[in-house]
Amino acid sequence: MAKFWKPGTEKPRLVEDEDGGVLFFYSTSSSSSSSFGYANNLQQQRQRLPVFKRRDAILFLVENHATTIVVGETGSGKTTQIPQYLNEGGWAESGHVIGCTQPRRLAVQSVASRVAEEMGVKLGEEVGYVIRFEDVTTPGVTRIKFLTDGVLLREMMDDPLLSKYSVIMIDEAHERSISTDIVLGLLKKIQRRRPELRLIISSATIEAKSIASFFRASKKHRGGATKELGPKTEPAIVSVEGRGFTVEINYIQEPVADYLRAAVSTVMLIHKQQTVGDILVFLTGQDDIDAGVQLLNEEAQSSGKSNGELLVLPLYSGLSRAEQDLVFSPTPRGKRKIIISTNIAETSLTLEGIVYVVDSGFSKQRFYDPLSDIENLVVAPISKASARQRAGRAGRVRPGKCFRLYTEEYYVNEMSAEGIPEMQRSNLVSCIIQLKALGIDNILGFGWPSSPSPEAMIRALEVLYSLGVLDDDAKLTSPTGFQVAEIPLDPMLSKALLASNELGCSEEMLTISAVLSVQSIWISVRGAQKQLDEAKLRFAAAEGDHVTFLNVYKGFLESGKSSKWCHKNFINYHAMKKVLETREQLKKTAQRLGIVLKSCDRDIQVIRKAITAGFFANACHLEPYSHEGKYKTVRTSQDVYIHPSSVLFRVNPKWVVYHSLVSTDRRYMRNVVTIDPTWLVEVAPHYYQYQGPGSIATLTR
DNA sequence: GAGCACTGC
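Because the structure is predicted, anything quoted here is derived from the model rather than measured. (Residues numbered from 1 in each chain as written. Chains lettered and ligands numbered in written order. Predicted model: local features only at pLDDT ≥ 70, side-chain atom pairs only at ≥ 80, totals over all residues. Heavy atoms only, no water.)

Enquirer: Where do I start with the domain arrangement of chain A in this structure?
Expert: One widely used convention gives an interface's size as the accessible area the parts lose upon coming together. On domain assignment, one finds that chain A holds domain 1 (14-240), domain 2 (247-420) and domain 3 (487-701). Using C-alpha coordinates to define each centre, domain 2 is positioned 37 Å away from domain 3. Each partner contributes residues to the interface: domain 2 has 11 residues there, and domain 3 has 8 residues. A buried area of about 730 Å², summed over both sides, lies between domain 2 and domain 3, and 37% of it is on carbon and sulfur atoms. Split by residue class, the side of domain 2 that touches domain 3 holds 3 nonpolar, 4 polar and 4 charged. (Domains from an automatic or database assignment. Contact = heavy atoms within 4.5 Å. Buried area = accessible area lost by both parts, 1.4 Å probe. Nonpolar A, V, L, I, M, F, W, Y, C, P; charged D, E, K, R; others polar.)

Enquirer: How should the packing of aromatic side chains be read in this particular structure?
Expert: Note on aromatic pairs: each is described by the distance of the centres and the angle between the planes. The final tally for this structure, using the stated rule, is 14 aromatic pairs. Ring geometry for Tyr406 and Tyr410: centres 5.8 Å apart, planes at 65 degrees, overall edge-to-face. Since its relative accessible area comes to 6%, Tyr406 is described here as buried. With a centroid separation of 6.2 Å and an interplanar angle of 45 degrees, the aromatic rings of Phe556 and Trp565 are classed as tilted. In this pair, the class of Phe556 matches that of Trp565, namely buried. Positioned above the aromatic ring of Phe214 is the side chain of Lys188, whose terminal nitrogen or guanidinium carbon lies 4.6 Å from the ring centre. One cation-aromatic arrangement involves Arg666 over Tyr641; the distance from NZ or CZ to the ring centre is 3.9 Å. (Phe/Tyr/Trp six-rings, centres within 6.5 Å; stacked < 30°, edge-to-face > 60°. Buried < 20%, exposed > 50% of the residue type's maximum accessible area, 1.4 Å probe, protein only. Lys NZ or Arg CZ within 6 Å of the ring centre and 35° of its normal.)

Enquirer: Help me out: how do you make sense of empty space enclosed by the protein in this one?
Expert: Take a probe with the size of a water molecule and roll it over the atoms, and the empty space left behind shows itself. Using the criterion set out here, one finds 1 cavity of 30 Å³ or more in the structure. Taken as a whole, the largest cavity holds about 40 Å³ of empty space. Along the walls of the largest cavity sit Leu260, Ala263, Val264, Val267, Val281, Leu283, Gly292, Leu296 and Ile340, which together make up its complete lining. The element best represented in the lining of the largest cavity is helix H8 (residues 259-273), accounting for 4 residues. Residues belonging to the lining of the largest cavity are distributed by class as follows: 8 nonpolar, 1 polar and no charged. (1 Å grid on protein atoms, 1.4 Å probe; cavity = no way out; pocket = protein on both sides within 12 Å on 5 of 7 lines; lining within 4 Å. Points joined across faces, edges and corners; volume = space filled by probe spheres on them. Helix = DSSP H or I, 4+ residues; strand = E, 2+ residues; numbered from the N terminus.)

Enquirer: Please explain unusual backbone geometry as it appears in this structure.
Expert: Residues other than glycine predominantly adopt negative phi, and peptide bonds predominantly adopt the trans conformation. A cis amide bond links Ser478 to the next residue, Pro479, at an omega of 5 degrees. Looking at where Pro479 falls in the secondary structure, it is placed in the loop between helix H15 (454-466) and helix H16 (480-486).

Enquirer: Got a minute to help me understand the sheet that holds strand S12 (residues 278-282) in this structure?
Expert: In a beta sheet, neighbouring strands pair by backbone hydrogen bonds and run either parallel or antiparallel. If you trace the 6 strands from one edge of the open sheet to the other, you get S11-S18-S15-S12-S14-S13, paired in parallel fashion. Lying at the two open borders of the sheet, with one neighbouring strand each, are strand S11 (247-251) and strand S13 (310-315). Taking each pair of neighbouring strands and ignoring which way they run, the sheet shows an average axis angle of 20 degrees. Pairing geometry for S12 and strand S15 (residues 354-359), over 5 bridges, is parallel. (Pairing = 2+ DSSP bridges. Axes fitted to C-alpha atoms, helices over the stretch in contact; angles between N-to-C directions.)

Enquirer: Mind showing me how you'd approach the pattern of salt bridges here?
Expert: Oppositely charged side chains are able to pair whenever their charged atoms sit close together. One pass over the full model with this rule turns up 28 salt bridges. Note that Glu88 and Arg55 form a salt bridge whose closest N and O atoms lie 2.4 Å from each other. Of this pair, Glu88 sits in helix H3 (residues 78-88) while Arg55 is found in helix H2 (residues 55-64), placing the two residues 33 residues apart along the sequence. Take Glu88: its relative accessible area is 23%, and that puts it in the partly exposed class. Residues Lys475 and Asp441 are paired through a salt bridge, measuring 3.4 Å at the closest nitrogen-oxygen approach. You can see Lys475 sitting in the loop between H15 and H16 and its partner Asp441 sitting in the loop between helix H14 (429-437) and H15, a full 34 residues away along the chain. A network of salt bridges, in which partner residues are shared, links Arg46, Arg55, Asp56, Glu88, Arg114 and Glu118. (Salt bridge = Lys/Arg side-chain N within 4 Å of Asp/Glu carboxyl O.)

Enquirer: What is the right way to read the pairing of strand S10 (residues 236-240) from this model?
Expert: Here is the key point about a regular strand: its side chains alternate between the two faces of the sheet. With 4 of its 5 residues buried, S10 lies for the most part within the structure. Relative to S10, strand S3 (residues 67-72) runs parallel, the two sharing 5 bridges. In the sheet register, Thr68 faces S10, and the bridge partner there is Ala236.

Enquirer: Even after reading the chapter, I still don't get the protein's contact with DNA strand B, so can you show me in this structure?
Expert: In the vicinity of DNA strand B there are 28 residues, among which Arg105, Arg132, Ser317, Asp533 and Thr664 approach most closely. Counted by atom, the contact set of DNA strand B within 4 Å of the protein is 60% sugar and phosphate. Take Arg132: an N or O atom from its main chain is 2.7 Å from a phosphate oxygen of DNA strand B. Arg366 places a polar side-chain atom, nitrogen or oxygen, 3.4 Å from a base nitrogen of DNA strand B. Mapped by element, the contributors of at least two residues to the surface near DNA strand B are helix H5 (149-158), strand S16 (362-369) and helix H19 (529-539). Along the lines of polarity and charge, the residues of the surface near DNA strand B split into 10 nonpolar, 10 polar and 8 charged. (Near = heavy atom within 4 Å. Polar contact = N/O pair within 3.5 Å; in protein donor to acceptor, adjacent residues only side chain to side chain.)

Enquirer: Whenever I open this one, the side chain of Asn618 confuses me. Can you help?
Expert: Note that Asn618 resides in the loop between helix H23 (604-615) and strand S19 (619-622). Classification of Asn618 by relative accessible area gives buried; the value is 9%. Within polar-contact distance, the side chain of Asn618 engages the backbone oxygen of Tyr658 at 3.0 Å. Residues within four places of Asn618 in sequence aside, it is in contact with Met492, Val656, Val657, Tyr658 and His659.

Enquirer: What's the story with the packing of H3 against helix H4 (residues 105-119) in this structure? I'm lost.
Expert: Relative orientation and spacing of two packed helices are given, respectively, by the angle between their axes and the distance between those axes. Viewed as axis vectors pointing N to C, H3 and H4 meet at an angle of 50 degrees, and their least axial separation amounts to 10 Å. The angle between H3 and H4 falls in the class oblique. At the point where H3 passes H4, the crossing takes the right-handed sense. Mapping the contact onto sequence places Thr79, Thr80, Gln81, Gln84 and Asn87 in H3 and Val111, Arg114, Val115, Glu118 and Met119 in H4. Partitioning the contact of H3 with H4 into residue classes produces 3 nonpolar, 5 polar and 2 charged. (Parallel < 35°, antiparallel > 145°, perpendicular 65-115°, else oblique. Left-handed = near helix turned anticlockwise from the far one by under 90°.)

Enquirer: Please clarify how H3 should be interpreted in this entry.
Expert: Because an α-helix completes one turn every 3.6 residues, residues spaced three or four positions apart along the sequence face the same direction. In terms of residue burial, H3 counts as a mostly covered element, since 10 of its 11 residues are buried. Among the residues of H3, those classed as buried are Lys78, Thr79, Thr80, Gln81, Ile82, Pro83, Gln84, Tyr85, Leu86 and Asn87. A positive phi of about 95 degrees marks Gly90, the residue just after H3.

Enquirer: It is not clear to me how the environment of Val115 should be interpreted in this structure. Could you clarify?
Expert: Among the structural elements, Val115 can be located in helix H4. The exposure class assigned to Val115 is buried, which follows from its relative accessible area of 0%. When the C-alpha atoms of Val115 and Gly361 are compared, they prove to be 36 Å apart, with 246 residues separating the residues in sequence. The residues touching Val115, leaving out its near neighbours within four places in the chain, are Thr80, Gln84, Val127 and Phe146.

Right, here's the structure in full:
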């Protein structure tokens, strides 16, 4: 058994951090001396990880502090090792579970199987994981459990105090996703009720301070362990070194006007002047990237001698699986691979063999405007934290270089330290219904890690009120509110699903909901647009996109869920498999809520009515005498158009409801369905009033 | 006739 600190023995040495107030440990023991009589490879590897030097310190701090913040760059081994240290330190005794969350499903699965391997146990027994659609744990046996933070949130609905956990580690907290932030806010509340619960928050360097100050109790609540029993409330911070190689940072001398051209010439310069090694270029989106790939190929052609030496590959989520796989294939001998990527390579995917990074300094970010209730995707400057993360991608295999397409002066003086948390850039409807379901009544006064704007919160409350999910006192209605909260869908879609039960078309609405939950069921093929449009016509329904989805689903089932059939019809097979999974999960939830599975057998009208019952706020009517298909939203009289990808594009029916808006030079409605305007008053009499034939208005509230 | 950074339940 390896050495670790035990309560009651002499404690490790602690020193005050010069930044004030926080505990900081430095190692006193000669770390990995052989306390093993024999050591297999895995155990030796474990001890070589940088985090091993902090093993005793981490166990000591977790014992004595309610919250421990572990600061460390990638490669420290904290994710795989800390849960094992806790297990070795006795935190999974008497049926308790050590939980560790990750923001992404793939990370949950790979970390869990790695830890199971290191412990020599079968995955799903002592070490398990839970992600949506997959529970690989054995209750009563599983001691270390990896899960997405979204799953942890769902668990709180059944067990608000998370009573089976003794320690919960929130990994990658610096990414500040919506669910991480909600989890952090709720865990802080749980700690007041369960002082014995220990939290470990893992974060990258820059963000650690704001997270520490969030967990630092306000002065009047602060109590030391000297007077009372139990852990200190003051969060401890321990830092763990990373394992990355040094990355030399280069800045551009003068600001550039066109980062695309600058990126291309920088790549060519690296190729001419620097030794072998692949190059990763960060641009913003598909357009930029495709243009960049083309420019680079032209440059390589014209520069003659390097012709054929460059292998230029695009990388973004919209690519097919096969196209994405190209990026991971080994670089052919004598070639230099250049990957031009979106933010996907910043956190979600890890590329091996990258030695040079070119950072444009921009990414596409979502911003939400509560007044128009629209989420926009805009190209915006990245933060210092992102810039560091991008640079770090160059130092995974050997020392690397990062070329920033902005000046050092800009980096130092103008770039913000941290990005804006997702919570402050998003529509909050789903977030707020979850908090309500967890019994958080005072939304405005909730202890948010970063509070969203009051306007955004009020807008979300209004939407939930109009859906009949919240009552006049802003409490969840029964049963609708509780049911909508239980269904893992956007609340408007959940409401439509509930309505479909009354209208007798729940089978159809389950399918539609599942399809709307995946990115797109169509294959995006550049250069084969015409064939895609023709394929779509085979399924197109006059009533709109939602009914078209039903036709696709039916065809897919009739084909025997065939991938060949999908390929032939320009349908994304992987997306359809996800539709099946999602539909199955929704079906189970729906049945638990007492929804009766029933098909309306091609009575399309009730399906459209059910959709309207959820999406009535998105009703639009065609402008009379409009020759360009201009619609106005009923609620705010904004100009909107049917998106060219919709089967109703250029059909322009008089009345429609849309599922979502995308905003570019115009506002486009994606996924629209035709409605009869009288339904609006029928399904939402509190929201609309009838003003004579063909005229509906929102009620002023 | 246009264009979807990335996750998650």
